[in-house]
Amino acid sequence: MLASWRWLRRKHLAVAVALAASLTVPIGSTMFPANQVRASELTELEAPVIEPAPQARRMKAPNGMAMAEAWWERPISSPLNLAEQPVPITVESVVLAALQNSAQVRVYRDIPLIRETTIMEADATFDWTSFIDTRWRDISEPVGSILTTNRSRFKDHDITASGGIRRQNTFGGEVEIAQQFRHQDTNSQFFIPSNQGSSRLTLSYTQPLLRGAGRTYNTSITVLAQLDASIGWDEYSLRLQDHLVDVVSAYWDLYVARGSLLQKRRLLEGAQKIRRMLDDRKDYDATHPQITRAEALVRRVELEVIRAENQVWNLEDELRKRVNDPSLGVPGDTTSPELVTNEGPARYALPVNMMESISTAMQHRPEMSQSIKRVKKAGVSLNVAKNELLPILNAVLQTYASGLRGESDIPGAWTDQFSVREPSYSIGLQYEQPIGNRQAKARYQRRCIELRQSQSDLETTIALLQADVARAVREVDVAFRGVHAGHKAMSSARDQVNSLFQQWQTGGGDGNVKSLLLDNLLDAQERLTFAEFEYLSAQARYSLALIEYKRALGLLLENQTTSDFAGDLTEVIHSPSPQIDYRPTPLDVTPVPTDVSPPSPQIQQLPPPPTPVDVSGNYSETSRGSAFQRNHSWKRK
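Residues numbered from 1 in each chain as written. Predicted model: local features only at pLDDT ≥ 70, side-chain atom pairs only at ≥ 80, totals over all residues. Heavy atoms only, no water.

A. Quick peek at the sheet that holds strand β4 (residues 129-142). What the six strands build is an open sheet, ordered β4-β5-β6-β7-β9-β10; its pairing is antiparallel. Looking at which strands have only one partner, the edges of the open sheet turn out to be β4 and β10 (424-432). If you compare each strand with its neighbour and ignore which way they point, the axes differ by 20° on average. As paired strands, strand β7 (residues 196-208) and strand β9 (residues 392-405) are joined by 12 bridges and run antiparallel to one another. In the sheet register, S204 faces β9, and the bridge partner there is Q398. Sheet strands touched by helix α10 (residues 410-419): β6 (174-186), β7 and β9. Its angle to β9, the strand with the most contacts, is close to 125°. (Pairing = 2+ DSSP bridges. Helix = DSSP H or I, 4+ residues; strand = E, 2+ residues; numbered from the N terminus. Axes fitted to C-alpha atoms, helices over the stretch in contact; angles between N-to-C directions. Contact = heavy atoms within 4.5 Å.)

B. Inspection of the confidence of the model for the chain at higher detail. The predicted model of the chain averages 77 in pLDDT, with 75% of residues at 70 or higher. The spread of mean pLDDT over the elements of the chain runs between helix α13 (residues 601-604), the lowest at 34, and helix α9 (residues 366-387), the highest at 95. In this model, residues 1-67 is a region of pLDDT below 50 whose contacts with residues beyond four sequence positions or in other chains number 130 contacts. Counting contacts from residues 559-633, a segment whose pLDDT is below 50, to residues more than four positions away or on other chains yields 188 contacts. (pLDDT = per-residue confidence, 0-100.)

C. Highlighting the packing of aromatic side chains. Per the counting criterion, the structure on display carries seven aromatic pairs. Here W414 and F418 contribute two aromatic rings whose centre-to-centre distance is 5.3 Å and whose plane-to-plane angle is 80°, an arrangement assigned as edge-to-face. Taken as a pair, W414 and F418 lie in helix α10 at a separation of four residues, close to a single helical turn. Linked through ring pairs, W71, W72 and Y535 together constitute an aromatic cluster. The ring of F131 has R166 lying over it, and the distance from NZ or CZ to the ring centre is 4.1 Å. (Phe/Tyr/Trp six-rings, centres within 6.5 Å; stacked < 30°, edge-to-face > 60°. Lys NZ or Arg CZ within 6 Å of the ring centre and 35° of its normal.)

D. Spotlight on the pattern of salt bridges. Tallied over the entire structure, the rule returns 33 salt bridges. One salt bridge connects E176 with R166, and the closest N-O pair in it is separated by 3.2 Å. Residue E176 is located in strand β6, and its partner R166 is located in strand β5 (residues 153-168); the two are separated by 10 residues in the primary sequence. Exposure remark for E176: the relative accessible area of 23% places this residue in the partly exposed category. Overall, the relative accessible area of 27% leaves R166 in the partly exposed class. (Salt bridge = Lys/Arg side-chain N within 4 Å of Asp/Glu carboxyl O. Buried < 20%, exposed > 50% of the residue type's maximum accessible area, 1.4 Å probe, protein only.)

E. Quick look at the nonpolar core. Ranked by internal contacts, the top residues of the largest apolar core, which has 112 residues, are W72, I89, L319, W504 and Y542. Considering each element in turn, this core owes the most residues, 22 residues, to helix α6 (residues 220-280). (Core = buried A, V, L, I, M, F, W, Y, C linked by side-chain atoms within 4.5 Å.)

F. Fine view of helix α7 (residues 288-323). If you check α7, its first and last C-alpha atoms are 53 Å apart, about what 36 residues at 1.5 Å a residue would give, namely 52 Å. Backbone geometry just after α7 places N324 at a positive phi near 60°. (Expected span 1.5 Å × (residues − 1).)

G. The arrangement of a nonpolar patch on the surface in detail. A contiguous nonpolar patch, built from W128, I165, I177 and L203 and spanning about 360 Å² of accessible area, is present on the exposed surface. By the secondary structure assignment, I165 is in strand β5. (Patch = residues over 30% accessible without salt bridge, like charges linked within 9 Å, V, L, I, M, F, W, Y side chains within 5 Å. Areas by Shrake-Rupley, 256 points an atom, 1.4 Å probe, with all protein chains shown as cover.)

H. Layout of unusual backbone geometry. You will see that N81, though not glycine, has its phi angle at about 60°, which is positive. Positionally, N81 belongs in the loop between β2 (66-68) and β3 (86-89). The class of N81 is partly exposed, set by a relative accessible area of 48%. You will see that N324, though not glycine, has its phi angle at about 60°, which is positive. Mapping N324 onto the fold places it in the loop between α7 and β8 (338-341). Using a relative accessible area of 37% as the deciding quantity, one classes N324 as partly exposed.

I. Structural detail: the pairing of β9. Pairing geometry for β9 and β10, over nine bridges, is antiparallel. When the sheet's bridge partners are listed, V396 is paired in β10 with G428.

Set out below in structure tokens:
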């Protein structure tokens, strides 16, 4: 039964192994799809007008208008010449690498394994125990009575050895079987025969009748250890999901940083193109202020490109730190390969329903499982405290057979204990009760309060999970709408750049008008780059929101790959924003009335203890906060 339970608790590890076996893109591979182009192979722009790449396919937007694939989506999956050796990565590959190599994952995995050892430790209370007791006594005392001996001192040489086995059963009783051998020689005149050898075989059994009686009381320590180990597996699941979300978040951070670097490089190319055009026309209509204005923009964007490259390197190290895969390089090592994000953002709408999501989370979230198990632990402890209110009343049974011979004939005495005369026996009762019994009453009162506290914690966990799921559902909706809004803003900014470029290139007028048009064009280019970054960030936020939604439901470790949320670069955003029902699911968490009746008038003044909720399955003290509260600017938009 214990092996089956462990197998069930480790099923998500088996899922990880299966995912590793089915991985189609090795992390250490340097192969890239044939339809991708390297950044170095991009042709120089004919003009600072941002147009879709020629090979990009036209896609249909939800409003029915044609929407082109973003120009950076293909080159972002190609090396950016930031290192000599590129290594392609995907969301699935970094997650699998983290499961296999992350030292932090190993730390989390040891939490339940450590707690599982307490189960055997608790169950070992009912193991057989062997014992041996030996004693040598050599007495030499002055004689005070001639009845003892007619000599000046009384001498007694006595050696005793006993051994046997004992065991406590699950009903509280203790059985002991012991065999004793003894040799004694004394100068007492009443000691007959001399040099006595004796043996005694004893069988004793002590059974509690009140306090400490019953299987429920005596197996409670094992049950508490099992619940604590099960809570450890829930804690492992919770921390593992948080770590995997951090890994995925680091991937999308890197994806956004690489896209931002491409956008700034493109802005730099456009600014440099305008400066060259102004240099070619400085003998005609280009003025010195116009040239210096373009030169200032070029220098400022060059610095931004350097900073963007440094940001990519920093985020690569952040991802390496979380994954710990040697094939990805070592943080801070200048010879580490370039991490090429081969997987783009999600491009479809995930239909979500508030009530169904909350219902699923209540069944699968580790925090819910932990709270329920804590209620069960408090209930078990309460039953133990209730039993300890009773007085001690033990039934004691003992029987023994003995043999005695002279001339140090211990083997003969051992034979006689089975063949000569009948065995002896004794029966009795032991009673003990502290006057006032204040210690047991205080313990019982504490357990009542702890159970009430654990049930309140369960209700709090339910409320926090509902809020967490509701937040995740809304984030999916808002992030999906943000993708559409970002695309529209980017398209409008691109149209403005095209219009201003045409006016500046072909328009007439004096130098002041041309300078004003140039300023507007350069400002519009920067606004376009910012709009492109906002659209890129919105795409990444939506992909991360889907992962967060899966975590909020507690399904991140289910038998699915993370690529289920990554989407396909060849697909389009073809469906409108999902219609979400924000009404929460009504949940009945009313505690079941207790059937525990206090056994004394003093305890009757206490509030009635609640009964632990009997819920099976996977069972934190509080719900994990929303993972959207991260310190990344593109995620806070």
